[in-house]
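Here is how the chains run, residue by residue.
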Amino acid sequence: MDQNQLKQTVAQAAVDYVLGKVDADSIVGIGTGSTANCFIDLIAKHKHLFLATIASSEGSAERLRSHGIPVYELNAVSEVTIYVDGADEANARLELIKGGGAALTREKIVTAVANEFVCIADESKWVSHLGGFPLPIEVIPMARSYVARELVKLGGDPVWRENVVTDNGNIILDVHHLHPIGSACELEEKINHITGVVTNGLFALKPADVLFLATQQGIITHYPATQRF
């Protein structure tokens, strides 16, 4: 199977899983990116089985509405039953790097609210150590240079993702040369403490609860390894 077929396969696995978790009152959180788009397209025919969705980006919200799926504002709901999203990298502890689509802040917010976070990815995203994929950081525009200098102190090489503005009106710095990231939790906290940083693309303090990984041998279901460091 090519990568697109793998994405379709893992998206279907997530649809099957979600349908076993929701009822007529459920709110389903939907992420951003090509694999999440596959999930949206596949779950559309089951939209009568849940109440509505929460989208992590304007792009995903538009795609959901095009299928006739209701999209609520997060402030209007008290609970998100389950959240489904992709990743740019994932390790055995289900710590992730996300943000290639520049939606990391809203993704992290929906993750925080959701009762369960389901990550879906193809086998190219599975790594032994995070950091091969440049780590996205959402930054207040006026703090770009200051934050970049602080990231250099942490050993990174930040590059401004020019001509990209997030749905929140901010900019993205992609940090190269952090591989291998030893303690993802520690680095996540350090970066978030830099003044001017909105958030970073490490999902380690709150990793995925389950990962469906599409491989040439089929879907492999991963749960977090017990060791966290």
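Look above for the structure.
Residues numbered from 1 in each chain as written. Predicted model: local features only at pLDDT ≥ 70, side-chain atom pairs only at ≥ 80, totals over all residues. Heavy atoms only, no water.

Structural notes on the overall build of the chain
- A tally of regular secondary structure across the chain gives 6 helices and 13 strands.
- Its C-alpha radius of gyration of 17 Å places the chain within 12% of the 17 Å reference for a compact globule of 229 residues.
- In terms of its C-alpha atoms, the chain occupies a principal-axis envelope of roughly 50 × 40 × 30 Å.
- The proportion of buried residues among the 229 residues of the chain is 54%.
- For the chain, contacts bridging at least 24 residues in sequence account for 75% of all contacts bridging at least 6.
- With an accessible surface of roughly 10200 Å², the chain has 51% of that area assigned to carbon and sulfur atoms.
- Considering the chain, the positive charge centre built from 18 side chains and the negative charge centre built from 27 side chains are found 2 Å apart. (Helix = DSSP H or I, 4+ residues; strand = E, 2+ residues; numbered from the N terminus. Rg over C-alpha atoms; globule rule 2.2 N^0.38 Å. Buried < 20%, exposed > 50% of the residue type's maximum accessible area, 1.4 Å probe, protein only. Contact = heavy atoms within 4.5 Å. Areas by Shrake-Rupley, 256 points an atom, 1.4 Å probe, with all protein chains shown as cover. Lys, Arg positive; Asp, Glu negative; His and termini not counted. Charge placed at Lys NZ, Arg CZ, Asp CG, Glu CD.)

Topic: the pattern of salt bridges
- Applying the stated criterion across every chain yields a total of 11 salt bridges.
- A salt bridge links Glu95 to Arg93, with the nearest nitrogen and oxygen atoms 3.2 Å apart.
- Several salt bridges share partner residues, and in doing so they unite Asp85, Lys98 and Glu107 into one network. (Salt bridge = Lys/Arg side-chain N within 4 Å of Asp/Glu carboxyl O.)

Quick word on the side chain of Asn91
- Tracing the chain through its elements places Asn91 in the loop between β4 (89-90) and β5 (96-97).
- Within polar-contact distance, the side chain of Asn91 engages the backbone nitrogen of Arg93 at 3.0 Å.
- A polar atom in the side chain of Asn91 sits 2.9 Å from the side chain of Glu95.
- Beyond its immediate chain neighbours, meaning those up to four positions away, Asn91 contacts Trp126, Val127, Ser128 and Leu130. (Polar contact = N/O pair within 3.5 Å; in protein donor to acceptor, adjacent residues only side chain to side chain.)

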